[in-house]
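Listed below, chain by chain, are the residues.
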Amino acid sequence: ILNVEQSPQSLHVQEGDSTNFTCSFPSSNFYALHWYRWETAKSPEALFVMTLNGDEKKKGRISATLNTKEGYSYLYIKGSQPEDSATYLCALNSGYALNFGKGTSLLVTP
Amino acid sequence: EAQVTQNPRYLITVTGKKLTVTCSQNMNHEYMSWYRQDPGLGLRQIYYSMNVEVTDKGDVPEGYKVSRKEKRNFPLILESPSPNQTSLYFCASSPSGANVLTFGAGSRLTVL
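The rules behind each value
- Residues numbered from 1 in each chain as written.
- Chains lettered and ligands numbered in written order.
- Predicted model: local features only at pLDDT ≥ 70, side-chain atom pairs only at ≥ 80, totals over all residues.
- Heavy atoms only, no water.
- Core = buried A, V, L, I, M, F, W, Y, C linked by side-chain atoms within 4.5 Å.
- Buried < 20%, exposed > 50% of the residue type's maximum accessible area, 1.4 Å probe, protein only.
- Helix = DSSP H or I, 4+ residues; strand = E, 2+ residues; numbered from the N terminus.
- Contact = heavy atoms within 4.5 Å.
- Buried area = accessible area lost by both parts, 1.4 Å probe.
- Salt bridge = Lys/Arg side-chain N within 4 Å of Asp/Glu carboxyl O.
- Polar contact = N/O pair within 3.5 Å; in protein donor to acceptor, adjacent residues only side chain to side chain.
- Pairing = 2+ DSSP bridges.
- Phe/Tyr/Trp six-rings, centres within 6.5 Å; stacked < 30°, edge-to-face > 60°.

Asks: Looking at this structure, how should I read the nonpolar core?
Replies: Within soluble globular proteins, side chains that are nonpolar tend to cluster in buried spots. All names here are of chain A. Membership of the largest hydrophobic core comes to 23 residues, with the highest contact counts inside it found for Leu33, Trp35, Phe48, Leu75 and Tyr88. Only strand S3 (19-24), strand S4 (32-38), strand S5 (45-50), strand S7 (62-67), strand S8 (72-77), strand S9 (86-93) and strand S11 (104-109) provide two or more residues apiece to this core. In terms of residue count, the dominant contributor to this core is S9 (4 residues). When neighbours within four sequence positions are excluded, Leu75 is seen to be in contact with Thr19, Asn20, Phe21, Trp35, Leu47, Phe48, Ile62, Ser63, Ala64 and Tyr88.

If you want it as structure tokens, here you go:
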């Protein structure tokens, strides 16, 4: 089992705040890094897949960066909105298996 | 509509009564996988399949079986369910093992 760590475990911000989370993984087993957004009572939905060191991806107000040499990825949300409230999961793809972190639970209040 | 379909969505059963959770995808994906989600433990991979007739154990395969006789279907079989298999189960698929997953809606299983 590859250890994928996410921090913080939970986060509560006000509408309009910008925020970021961290995903740490063993850099020796890297093939790709996935980010998913998981709303309560729904299924996880893919945000990004990142493969190259230095990769930066953006989708609306959400962006992510990747450092494969040191084994971490950051997810940023600019100007958080209540609809951004969800659990954000990262997953390490080692080429065949996908190991998920436990997620960061984000609550955005008006 | 491209999707992953799981059935049943909810099931309450008793210890030892064999059950199968079906999973079907209509996207011609080669890779399929099963996960269970438990509070505080996140998503843990049970089994995965890189292609037809190719399956492999994930992190928590004990008590489960799978088969991949055709590309679109990947059923999860609990031969003799036990209460510790009470969980929320997700099936997922992707074009290959390297791509992001498309998840099914989840199946909530309770074993009494």
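Asks: Looking at this structure, how should I read the interface of chain B and chain A?
Replies: One widely used convention gives an interface's size as the accessible area the parts lose upon coming together. Contacts between the two partners involve 21 residues from chain B and, on the opposite side, 21 residues from chain A. Between chain B and chain A the total buried area reaches about 1,600 Å² when both faces are included, carbon and sulfur atoms providing 61% of it. A per-residue breakdown of the area chain B buries against chain A is headed by Leu43, Asp59 and Val100 of chain B, which together make up 31% of the total. For the pair chain B and chain A, the interface holds 0 salt bridges. On inspection of chain B and its partner chain A, the count reaches 4 residue pairs in polar contact (both at pLDDT 80 or more). When residues of the side of chain B that touches chain A are traced back to their parent elements, those giving at least two are strand S4 (31-38) and strand S5 (42-51) of chain B. The element contributing the most residues to the side of chain B that touches chain A is S5 of chain B, with 5 residues.

Asks: Explain the sheet that holds strand S7 (residues 65-66) of chain B here, please?
Replies: Each strand in a sheet pairs with its neighbour through backbone hydrogen bonds, running either in the same direction (parallel) or in the opposite one (antiparallel). Residues and elements named next belong to chain B. Judged by pairing direction, the sheet is antiparallel, and its 4 strands sit side by side in the order S1-S3-S8-S7 without closing on themselves. The open sheet is flanked by strand S1 (4-7) and S7, the only strands paired with a single partner. Note that strand S3 (residues 19-25) and strand S8 (residues 76-78) share 3 bridges and pair antiparallel. Bridge assignment links Thr20 to a residue of S8, and that residue is Ile77.

Asks: Please explain the packing of aromatic side chains as it appears in this structure.
Replies: Centre distance and the angle of the planes are the two values used to describe a pair of aromatic rings. Enumeration over the complete set of coordinates arrives at 13 aromatic pairs over all chains. When the ring of Tyr36 of chain A is compared with that of Phe103 of chain B, the centres are 5.7 Å apart and the planes differ by 90°; the resulting orientation is edge-to-face. Linking Tyr36 of chain A in strand S4 with Phe103 of chain B in strand S10 (residues 102-103), this pair reaches from one chain into another. Accessibility expressed as a relative area gives 0% for Tyr36 of chain A, which makes it buried.

Asks: Help me out: how do you make sense of the pattern of salt bridges in this one?
Replies: Scanning all chains against the criterion turns up 7 salt bridges over all chains. In this structure, Arg37 of chain A and Glu39 of chain A form a salt bridge, with 2.9 Å as the shortest nitrogen-oxygen distance. With a shortest N-O distance of 2.8 Å, Arg44 of chain B and Asp38 of chain B are connected by a salt bridge. On the basis of relative accessible area, Arg44 of chain B is assigned to the partly exposed category, the value being 24%. Asp38 of chain B gets classed as buried once you look at its relative accessible area, which sits at 8%. Sharing partners across several salt bridges, the network here consists of Arg37, Glu39 and Lys42 of chain A.

Keep in mind that these numbers describe shape and distance, not what the molecule does.
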